[in-house]
Each structure stands twice: as structure tokens, then as C-alpha cells.
Amino acid sequence: MKMRRGEFPIYQEERLLKILDELKTRTQLSNADICDLLDISRDTARRDIIKLVEEGAAIRTHGGIALPFFKEEIKAYKDRATAASEQKLHIARTASAYIANGDVCFMDVSTTVRELCGLVGEHLTVYTHSLDNVEVLAGKSGIDVHLLGGKFHHDNRFFYDQAGALQLNEVYFDKAFLGAAAIMEDGIYFANREDALIKKLVAGRAGKVYVLADAKKFSLTASFKGIEFSGIDVLITDGDPPEHLQSVMKENGIEIIQTAGEGK
């Protein structure tokens, strides 16, 4: 509770238990709900939310939190690789038209971007943290490939360490082609914190940022924001974004390109 003269505060552990008990009944809580429930400030509620999300006890929603089972889980990379393959290929083909001979590009860990790697044939310099992208690009003699090092994350098949990520600050990319685990109200989200950090660094180092995402990503949620809408230049997708996202993207000057595939 808010501290009053002569009273003791409720410690965070006790507050978190009360929030979780309420979540079991309601499945979702807004920031305001938590403030009213515990009679605490918004700053305190925000700290409690961060703690619950970090511990995996809850997931972020727009303006609050929900129980983890409330969202559709992000599939492991290998499962996603076989899903909606035709739509991914249409998006990749559209994106390939924007790559020019001699470009220095970043290619994200993404099943759709992997399809793009299979289509490129120009003389390029490509940076990536994706094992699968390197396997595809290794057979293309005209492409100079740079793989970021670090610990290998098996589920999503990418490498990461802090030193390798910080090396990105020394590179200027003509274009960055990034995927998405979810497109939410305030930006592009990802399932892994380290992966989200890579996107954030790359988006700040690229002349033009392309996000490649099938329309299903508009209805998913994920835990870690990697890119603000203000950091995106082009969204290539196979369906109409929801109206509220279209207006936000328009405000941020994002060009939305729809493919001619089945998803349209």
C-alpha cells in the first residue's frame, strides 16, 4: 500500500503474490487495475510488472499484463520454418527487388529472411547472426558473409554475445531486413531478449529498415520490443494491418507494401 504515517509498506514479494492471485481470476490486468488493487503508485506498479515478466510469471500486454497461457505461443524456429511457406516466399520475392548490387545488408534471423537469402544473387556484403542464413549464403560466391559470434541459441538458431553485438556499432548498413515475432501497438516484438537487442542496434545503424512479416504477426504477442515504429521505413507483408496499426504506421511514415500472394 502507499505508505501512511505509522504504517509499513507491503513488500514486493507480497504484492506480486496478490497480483498473481488476481490474474488467476481475471487473466489480464491493466496498470490502473494493479494500482487500485494494491493502492500503489504507477511507478511501483510498473516495477512489479517488470519483475513478473522477467520471472516468466506473466506476459506484457498493451497497458498491462496477462497470464502466459493467454497468448498464442511463439513457435520454435524449426516449426515456423515449415509454416505458411508460400506466403513467406511471396514476401521474400517482393523484398529482393529492393536489394542493389554492392549493398551492405543485415539479414535477420527469420524464416522469411532466410527465404530472401536464397533469392539474392548480387554482389553483396551481408552481416547476420543466423546460422541458417549463413548456410544458404555460403554457396553464393559473390556474397561476402560475416557471421556474428557468441553463444548459440538452439530454439531460434542464432548467435549472441555482448561483444559481438557491440561490433555492429562500427558498421553502417545500406539496408536491414528484419523479421518479427509480433507486431504490437507500440512496435515490433521478439521472443528473446538478446535477439531483440540485435534488432535495436541494427535498426539504428541502417540507412533503410525493412520489416518482413506475414499478416499473422498482427494478432500475436511477444515479450521483448526490438524496434520502435519510428525506426522502420518499410513493412512488407501479405495482408492488411489492423486499422489502429495502419494509423500508427502512417504517423511514423512507414511504407506498407503488400505482396500479390494468397494472403492479400
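Reading guide: rules and limits
Counting starts from 1 at the beginning of each chain's written sequence and moves along it residue by residue. Local features are withheld for residues below a pLDDT of 70 in this predicted model, meaning they are given only at 70 or higher, and side-chain atom pairs are given and counted only at 80 or more; totals for whole chains, interfaces and linings count all residues. Side-chain metrics in this entry use all non-hydrogen atoms of the structure; hydrogen atoms and water are not considered. The convention used is that axes are lines fitted to C-alpha atoms, helices contributing only their stretch in contact, and that angles between N-to-C directions extend from 0 to 180 degrees. Segments assigned H or I by DSSP are reported as helices when at least four residues long, segments assigned E as strands when at least two residues long, and all are numbered from the N terminus. The scheme is simple: roughly parallel for angles under 35 degrees, roughly antiparallel for over 145, roughly perpendicular for 65 to 115, oblique for anything else. Contact definition: two residues touch when any of their heavy atoms are within 4.5 Å. Ten residue types, Ala, Val, Leu, Ile, Met, Phe, Trp, Tyr, Cys and Pro, are classed as nonpolar, four, Asp, Glu, Lys and Arg, as charged, and the remainder, Gly among them, as polar. Grouping buried Ala, Val, Leu, Ile, Met, Phe, Trp, Tyr and Cys residues that are joined through side-chain atoms within 4.5 Å yields what is termed a nonpolar core. Burial classification: accessible surface area is computed with a 1.4 Å probe over protein chains only, and a residue below 20% of its type maximum counts as buried, one above 50% as exposed, and the rest as partly exposed. Here, any two strands with at least 2 DSSP bridges between them count as paired.

*Asks:* Please provide a residue-by-residue account of the packing of helix 2 (residues 31-38) against helix 3 (residues 42-54), values included.
*Replies:* Look at helix 2 against helix 3: their axes get within 9 Å of each other, and the N-to-C directions meet at 110 degrees. Regarding the angle of helix 2 to helix 3, the classification is roughly perpendicular. Together, Asn 31, Ala 32, Ile 34, Cys 35 and Leu 38 of helix 2 and Arg 42, Ala 45, Asp 48 and Ile 49 of helix 3 make up the contact between the two elements. Tallied by class, residues from the contact of helix 2 with helix 3 come to six nonpolar, one polar and two charged.

*Asks:* How would you sum up the nonpolar core? Please name residues and give values.
*Replies:* Grouped together as the largest cluster of nonpolar side chains are 33 residues, with contacts concentrated most on Phe 106 and Ile 183. For this core, the elements supplying multiple residues, two or more each, are strand 8 (158-160), strand 9 (173-178), strand 11 (187-190), helix 9 (193-203), strand 12 (206-212) and helix 10 (243-251). The element that contributes the greatest number of residues to this core is helix 9, accounting for five residues. In this view, Phe 106 contacts Tyr 127, Thr 128, His 129, Leu 148, Leu 168, Phe 173, Lys 175, Ala 176, Phe 177, Leu 178, Ile 198 and Val 202; residues no more than four positions away in its chain are not counted. Judged by nonpolar contacts, the second largest core, of 20 residues, contains Ile 99, Leu 124, Tyr 210 and Val 234.

*Asks:* Could you give an account of the sheet that holds strand 10 (residues 182-184), naming the residues involved and the relevant values?
*Replies:* One open sheet accounts for three strands, arranged 10-11-13; its pairing is antiparallel. Strands with a single pairing partner mark the edges of an open sheet, and in this sheet they are strand 10 and strand 13 (224-227). Within this sheet the neighbouring strands show an average axis-to-axis angle of 45 degrees, counted without direction. Alignment of strand 11 against strand 13, held across three bridges, turns out to be antiparallel. Residue pairing across strands places Phe 190 opposite Phe 224, the latter belonging to strand 13. Helix-sheet contacts for helix 9 involve strand 11 and strand 13, and the interaxial angle to strand 13 is about 20 degrees.

*Asks:* I'd like to hear about the sheet that holds strand 14 (residues 234-237), residue by residue, with values.
*Replies:* With respect to topology, seven strands assemble into an open sheet ordered 6-5-4-9-12-14-15, the strand pairing being parallel. Only two strands of the sheet have a single neighbouring strand rather than two, namely strand 6 (143-147) and strand 15 (255-258). Sheet twist, expressed as the mean angle between neighbouring strand axes with direction ignored, is 20 degrees. Sheet topology places strand 4 (residues 104-107) next to strand 5 (residues 124-128); three bridges connect them, and they run parallel. Within strand 5, the residue paired with Cys 105 across the bridge is Val 126. Contacting strand 9, strand 12, strand 14 and strand 15, helix 5 (residues 85-96) runs over the sheet at an angle of about 145 degrees to strand 14.

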